[in-house]
Amino acid sequence: MTVPGLPGRWPGGARSVAVVTVDLQADRAVLGPHPEYAGLDKTLSTARYGLRHGVDALLDRLDRAGVPSTWFVPGTVVAEHPQVVCRVRDAGAAVGLQGWDVVPLHDTDPDALAVLLDRALAEFERARVTADGFRLPCGEWPLDLADALLARGIAWSSSFVSGELPFRIPGTIGELVELPFHWTMNDRQAFEWNFAPAMPAGHARIAAYDDVLDNWLTEFHATHDEGGMWVLTMHPEIMATPGRLVVLDELLRELRGQSGCRLMTGPELARWWADSHPHDPPGQPLSVFLGATGRTHL
Amino acid sequence: MSRPDGTGPVHWPGGAGSAAVLAFDLDGPTGRAMIDGSLWRRPIRFAQGGYGPFAALPRLLDTLARTNTRATFFTPAWVVEHWPAAVLGAAAAGHEIAHHGYQHERFLDLTPDQQAEVIDRSQEIFRSVLGRPATGFRTPTGDWSPETRGLLAARGFRYSSSLRDGHTPYRHVIDGRITDLVEIPARVDLDDYAHLAYFRDPDFPSGGDRIAGYRGVLASWLREIEGFRRVGGCLITTFHPQVIGTPGRARLVGELANSLHTAGDVWVTTAEDVAAHVLSTWEAR
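Okay, so let's go over this structure. (Residues numbered from 1 in each chain as written. Chains lettered and ligands numbered in written order. Predicted model: local features only at pLDDT ≥ 70, side-chain atom pairs only at ≥ 80, totals over all residues. Heavy atoms only, no water.)

## Some points on the overall build of chain A
Part 1: Looking only at helices and strands, chain A has twelve helices and eight strands in total.
Part 2: Taking 2.2 N^0.38 as the reference for a compact globule, 298 residues should give roughly 19 Å; the C-alpha atoms of chain A span a radius of gyration of 19 Å, in line with that estimate.
Part 3: Taking the principal axes of its C-alpha atoms as reference, chain A extends roughly 50 × 45 × 40 Å.
Part 4: Classification of the 298 residues of chain A by burial places 62% in the buried group.
Part 5: Pairs at least 24 residues apart make up 72% of the contacts formed inside chain A by residues separated by at least 6 positions.
Part 6: Accessible surface, chain A: about 11600 Å² in total, of which carbon and sulfur atoms supply 52%.
Part 7: Averaging the coordinates of the 24 positive side-chain charges in chain A and doing the same for the 38 negative ones gives two points 6 Å apart. (Helix = DSSP H or I, 4+ residues; strand = E, 2+ residues; numbered from the N terminus. Rg over C-alpha atoms; globule rule 2.2 N^0.38 Å. Buried < 20%, exposed > 50% of the residue type's maximum accessible area, 1.4 Å probe, protein only. Contact = heavy atoms within 4.5 Å. Areas by Shrake-Rupley, 256 points an atom, 1.4 Å probe, with all protein chains shown as cover. Lys, Arg positive; Asp, Glu negative; His and termini not counted. Charge placed at Lys NZ, Arg CZ, Asp CG, Glu CD.)

## Overview of the sheet that holds strand β4 (residues 156–157) of chain A
Residues and elements named next belong to chain A.
Part 1: Read across the sheet, three strands follow the order β4-β6-β5 without closing on themselves; strand pairing throughout is mixed. Strand pairing shows two members of the sheet lacking a second neighbour, β4 and β5 (167–170), which therefore form its edges.
Part 2: Sheet topology places β4 next to strand β6 (residues 175–178); two bridges connect them, and they run parallel. Pairing of S157 across the sheet is with E178, part of β6. (Pairing = 2+ DSSP bridges.)

## Looking at the sheet that holds strand β1 (residues 18–21) of chain B
All names here are of chain B.
Part 1: Within the open sheet, the three strands sit side by side as β9-β1-β10. Their pairing is parallel. At either end of the open sheet lies a strand with only one pairing partner, and these are β9 (234–236) and β10 (266–268). Adjacent strand axes in the sheet meet at a mean angle of 20°, parallel and antiparallel pairs treated alike.
Part 2: Where β1 lies against β9, three bridges are found, and the strand directions are parallel. By the bridge assignment for β9, A19 is matched with C234.
Part 3: In the packing of helix α7 (residues 214–231) onto the sheet, the strands contacted are β1, β9 and β10, and the crossing angle to β9 comes to about 150°. (Axes fitted to C-alpha atoms, helices over the stretch in contact; angles between N-to-C directions.)

Now the structure itself:
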């Protein structure tokens, strides 16, 4: 009995795929959820480290390792730092939309949602960066988001937490491909730390770097053996410390060194999945959700 | 023969010095958000839970099959209703499916009549889908009420694995009488939530703690295996497929199972079998 829906082979006959993603949120990561932290320069300078050093450092390491990447950017960040986003585009990375600001979209009414998506996409256009794909900035998936994205030419998302397999999110005018991620492969979960205000809320110790790398590689190798999809999420202000860049180099070497694993961008993988896998297997959680709620679309 | 408080040494079968049960709470998306209805606007949270029966369970069943291990799955009856093929697959592979509420209720919140209704409704679903009722019970979340044990005993349940007060099974004493309801107490140290679970919105852990390093977690669990062997108890886990059933973490379960088997003196079996053995070797007063 194997995990239902594993495709057997990925593009080019690969046994597994890996997608490296980066959330480029700058100081909106702090100010979006906490506008009251405006003016806390020490705290915000940590977030700005990402813009000043982290973006270029990550692009450099990824380029040296020959690993493609997919970056998600909120509209506010495109508006405030278009040159940075252009550098990401020019480095050959895929770039997707991460809403307008780093705030939950869950209770946004459809009209307001449309306005902020359009506002964000206008910033992408102004910067001459194509927004291919979407990731929620935080929080829960608002019902009816699929149609709002599909209507704006966005065909895929990476917003759900679960799993080693793409699946579909149905709208009424089409379907999104979802490339889910997992909190294990997330640098913020492992390393974020701020004294005042407390981040994380309970001041958990910064995780040991070797433990984190070991967890990431354990999941990577097991996912490869099984033939699934492995997704990593990084943040320039978290992962690009001098010491963690050394860890990143090691990780990227392992990814590249795994024969039979194809490293892909989100758009490439989503398009391949859309073409080759029209149906999710029975029991896929979203289809159980739709059945239980009597909904046909999300 | 057990002591007046229902405890006593257990002599394990076949020369084994201790026992071990790999027990999983197959919660799926059930729980408070489903019960209060908020889950029906939360597809991400639902999908996180659904990952358990959909993707994690087949992976864990593979691991258990490869290590020749029979396990116990405490399964809310709602999950049996909505992933019947997956749960039937687990039963067909020789694993025990036991009671875990209908939608993972907090029994302390329910009146005795409501608790009875949950238990009876779930047993009906078990009979209808799986062909047999559960003989074991684990409190889904939080506490039970003073009446719960009596309800279970009256309905012929053989055991509960809900409390934290021992390392060896004992018999529940209700109204001064030693009953045929066995308790197989668990420990939080062998709960994957305490080491590995991480969710957002709402945040778990509430303080935003890290996911632990897998190596250290496995090492701690292996120490517990050794410790249980020394005391002659019954080690029973509280694993959750949606937490421990990722590709990398399922390997930890495999290593645990291997370690239990290669020890050579541990009876690795289902909770149901442990309870039956305890009852058969201890006479009632």
